[in-house]
Amino acid sequence: MYLYLLALVILSWVLLRLRRRRDPVEACSEDPVKCSPPVKSPPAEDPPSTVVLTINGAVHRVENPSPSLTLLAYLRDRCGLTAAKVGCGEGGCGACTVVENDTNAINACLRLLCQCDGSVITTAEGLGSSRNGFGDIQKAVADGNGSQCGYCTPGWTTAVAALRARGPRSRGDLQKKLDGNICRCTGYRPILEAFAGLPDVEDAAPCRDVTTGRACGRACGAPPSRGLSVADDARRLSYVEPTSLPRLYALLDAGLGYGETVLVGGATAAIGVAKYYDDCLGAPWAGGLPPLEDAQLVATKSVPELTKLAAAADGLAAGGAVTIDALSAALRDGLDVAWNAAAAHLDRVANTQVRNSATWAGNLALAARADGFPSDVAVSLACLGAELSVSR
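About the cut-offs
Along each chain, numbering runs from 1 in the same order as the chain's sequence is written. Local features in a predicted model are, by the rule used here, given only for residues with pLDDT of at least 70; side-chain atom pairs are given and counted only at 80 or more, and totals for whole chains, interfaces and linings are based on all residues. For the side-chain quantities, the full set of heavy atoms in the structure was used; hydrogens and water were omitted. The buried label applies to any residue whose accessible area, calculated with a 1.4 Å probe on protein chains only, is under 20% of its type's maximum; exposed applies above 50%, and partly exposed to all values in between. The helix and strand labels rest on DSSP assignments: H or I over at least four residues marks a helix, E over at least two residues marks a strand, and numbering proceeds from the N terminus. Throughout, the arc means the angular range of directions from the helix axis out to the C-beta atoms. What makes two strands pair is DSSP finding at least two bridges between them. A pair of Phe, Tyr and Trp rings is counted when the ring centres sit within 6.5 Å of each other, with Trp represented by its six-membered ring. The angle between the planes then sorts it: under 30 degrees is stacked, over 60 is edge-to-face, the rest tilted.

Visitor: Please provide a residue-by-residue account of helix 8 (residues 188–196), values included.
Guide: For helix 8, the complete set of buried residues consists of I191, L192, A194 and F195. Projected down its long axis, helix 8 shows its buried positions confined to an angular sector of 160 degrees, all on one face.

Visitor: Can you tell me about the environment of G167, naming the residues and giving the values?
Guide: Looking at the element boundaries, G167 is found in the loop between helix 6 (153–165) and helix 7 (171–177). Spatially, the C-alpha atom of G167 lies 9.2 Å from that of T103, the residues being 64 residues apart in sequence.

Visitor: Account for the pairing of strand 9 (residues 295–299), with residues named and values stated.
Guide: A large share of strand 9 lies buried, amounting to 5 of its 5 residues. Burial along strand 9 is two-sided: A295, L297 and A299 facing one way and Q296 and V298 facing the other are all buried. The sheet contact formed by strand 7 (residues 237–240) and strand 9 spans 4 bridges and is parallel. Paired with V240 across the strands is V298, a residue of strand 9. Looking at chain direction, strand 8 (residues 260–264) and strand 9 are connected through 5 bridges and run parallel. Paired with V262 across the strands is L297, a residue of strand 9.

Visitor: Break down the packing of aromatic side chains for me, citing the residues and quoting the values.
Guide: Evaluated as defined, the whole model comprises 2 aromatic pairs. Measuring from ring centre to ring centre gives 5.9 Å for W156 and Y188, while their planes differ by 55 degrees; the resulting arrangement is tilted. Here Y188 lies in helix 8 and W156 lies in helix 6, a separation of 32 residues in the sequence. A residue is classified by how much of its surface remains accessible, and Y188, at 36% relative accessible area, is partly exposed. Ring centres 5.5 Å apart and planes at 90 degrees place the aromatic pair Y277 and F373 in the edge-to-face group. Of this pair, Y277 sits in the loop between helix 10 (268–271) and strand 9 while F373 sits in the loop between helix 15 (360–369) and helix 16 (376–383); the two residues are 96 residues apart in sequence, bridging distant segments of the chain. Assessed through its relative accessible area of 22%, Y277 is described here as partly exposed.

Laid out in structure tokens, this is it:
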């Protein structure tokens, strides 16, 4: 009798844990050390050691996270948001796809959490759920038989949500821009047919909220950086996000007393494919893993001179932190036939999710270090007669 009652108590505890696990907010709130509970609005000021980001409409504040923590690990292990899956771990399958700032599909497995400071992240749970009602993208893939095992499906839905939010897209654009998602069981025709039948793919508002499909009216893009600086003293690991070129130079010259100082753009190659080229980037990126110890990571994404993309007297000027996708879009807007050809070539680099994060300068840096790396970015820029200016 006692054993029977004990079994019932244990079973009830397990069921309660499973039930709570389904609720991302509850799962996130269970351990405030691991995952700060979301609040309704961001505080007016936060210390530079706190990563502040919005996930599915809730603001998360993470005090001094490990610089090696990825967005995917944070979502799954610390917030209970498991729709984004662990697949290839190198940005090739799309199972980990989430939406950043409404319009960018990115690989959560290749994004450090520190890089998300100020970002607005939407996962498949944010598009809809069995509890709150599924969104139209999720209904379309279900009704159109676009899912079998379902492992890759959340990544497809978030990729489509980002694409729709960018505005009018043709059926051809739909196929091209879903190049970062792989399905091994359903087949691509029912998936594409399901998404092609969605309203607003051909005739969308200039910018749409990924969770409702309605015009959002917000300014896209992350807010200016606060100069994030986090450190793990025990492992001699830090992440610093300078907001000026002089500050960047100072960090490269003096550092913070930790190990090797390395620049971080998108980090897509460092965590992704560099391992296939004899680990050419070396420590701290060995094995295609986030740095684990003895390194100072210096981000380039908030240095105005490096993020600038503007017309110049003799063409186009692009800073080293400009993404491949942004460079391609700027070239395509030009009237020059060669520019359009280069843009088309850049759109064949990696896939949409990687191009939304990877920088053109980072691609060239990998080509310089990796013997045999076929850099299509280098080919495109060389054909345009581009000039490279190195500040120091």
